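Structural characterization, general
Letter by letter, the chains look like this.
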Amino acid sequence: MIPGTSGFLQQDFELEEQPSYTFKLNNSNVRGYADGLEAVKQAICKILLTERYQYVMYSANYGIELLDLFGQPASYVCPELERRITEALTWDDRIESVSDFEFDLSKKGTVGVSFTAHTVFGDVRAEREVNV
């Protein structure tokens, strides 16, 4: 053991930030490239459309869990959606926080949610509908 440590060898290393540059998705087509705020908007949309744990190509940290909300009362779904959206999006290092949640219960069997994602490139207003 090295004196002054907890038994682990300390090493100097640098964290390298990954670029935001990616392919631009347009409906079901890949057309060009996206970077910065446009790439983060695309990432938000893709994360919210991907059910977590359903696809082996994604890590267990990617996507959002929505399937188990079906059949639950809105009083349960709304706070769960806020928590799950925040958890799903803040795994992305470009998204610093999520706030300003608003819920729309006017459509029977559906909860609409809109929110603001605060990113390193600026704020993004987004929305999602969930069948309940």
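Quick note: structure is the one above.
Described in the following lines is the structure provided in the data block. (Residues numbered from 1 in each chain as written. Predicted model: local features only at pLDDT ≥ 70, side-chain atom pairs only at ≥ 80, totals over all residues. Heavy atoms only, no water.)

Hydrogen bonds between backbone atoms are what pair the strands of a sheet, whose relative direction is either parallel or antiparallel. Taken in spatial order, the three strands line up as β3-β4-β5 in an open sheet, and their pairing is antiparallel. Edge strands, defined here as strands with exactly one partner in the open sheet, are β3 (95-104) and β5 (122-131). Taken pair by pair, the neighbouring strands of this sheet meet at an average axis angle of 25°, ignoring direction. Inspection of the sheet shows strand β4 (residues 110-119) paired to β5 by ten bridges, in the antiparallel sense. Within β5, the residue paired with Val-113 across the bridge is Arg-128. Contacting β3, β4 and β5, helix α1 (residues 36-49) runs over the sheet at an angle of about 20° to β5. (Pairing = 2+ DSSP bridges. Helix = DSSP H or I, 4+ residues; strand = E, 2+ residues; numbered from the N terminus. Axes fitted to C-alpha atoms, helices over the stretch in contact; angles between N-to-C directions. Contact = heavy atoms within 4.5 Å.)

A surface patch of nonpolar side chains, amounting to about 550 Å² of accessible area, comprises Tyr-21, Phe-23, Leu-25, Val-30 and Tyr-33. Counting only elements with at least two residues in the nonpolar patch, the list comes to β1 (22-26) and β2 (29-34). Note on placement: Tyr-33 falls in strand β2. (Patch = residues over 30% accessible without salt bridge, like charges linked within 9 Å, V, L, I, M, F, W, Y side chains within 5 Å. Areas by Shrake-Rupley, 256 points an atom, 1.4 Å probe, with all protein chains shown as cover. Salt bridge = Lys/Arg side-chain N within 4 Å of Asp/Glu carboxyl O.)

Here the focus is the side chain of Glu-51. Tracing the backbone through its elements, the reader meets Glu-51 in the loop between α1 and α2 (74-89). No salt bridge forms around the buried Glu-51; measuring N to O, its nearest opposite-charge neighbour Arg-128 is 6.1 Å away. A distance of 3.0 Å separates the side chain of Glu-51 from the backbone nitrogen of Leu-66, its partner in a polar contact. Within the structure, Glu-51 has its side chain in polar contact with the backbone nitrogen of Leu-67 (distance 3.3 Å). (Buried < 20%, exposed > 50% of the residue type's maximum accessible area, 1.4 Å probe, protein only. Lys, Arg positive; Asp, Glu negative; His and termini not counted. Polar contact = N/O pair within 3.5 Å; in protein donor to acceptor, adjacent residues only side chain to side chain.)

Taking 1.5 Å as the rise per residue, α2 with 16 residues should run 22 Å; its terminal C-alpha atoms sit 22 Å apart, in good agreement. Here α2 has its buried residues at Val-77, Cys-78, Glu-80, Leu-81, Arg-84, Ile-85, Ala-88 and Leu-89. Lining the buried residues of α2 we find α1, β3, β4 and β5. (Expected span 1.5 Å × (residues − 1).)

Over the atoms a probe the size of a water molecule is rolled, and this reveals where empty space is left. Taken as a whole, the second largest pocket holds about 250 Å³ of empty space. Taken together, Lys-24, Leu-25, Asn-27, Glu-38, Lys-41, Gln-42, Cys-45, Lys-46, Leu-49 and Thr-50 make up the lining of the second largest pocket. Those elements that provide at least two residues to the lining of the second largest pocket are β1 and α1. Examining the composition of the lining of the second largest pocket, we find that six residues originate from one element, α1, more than from any other. Here the residues of the lining of the second largest pocket are counted per class, giving three nonpolar, three polar and four charged. (1 Å grid on protein atoms, 1.4 Å probe; cavity = no way out; pocket = protein on both sides within 12 Å on 5 of 7 lines; lining within 4 Å. Points joined across faces, edges and corners; volume = space filled by probe spheres on them. Nonpolar A, V, L, I, M, F, W, Y, C, P; charged D, E, K, R; others polar.)

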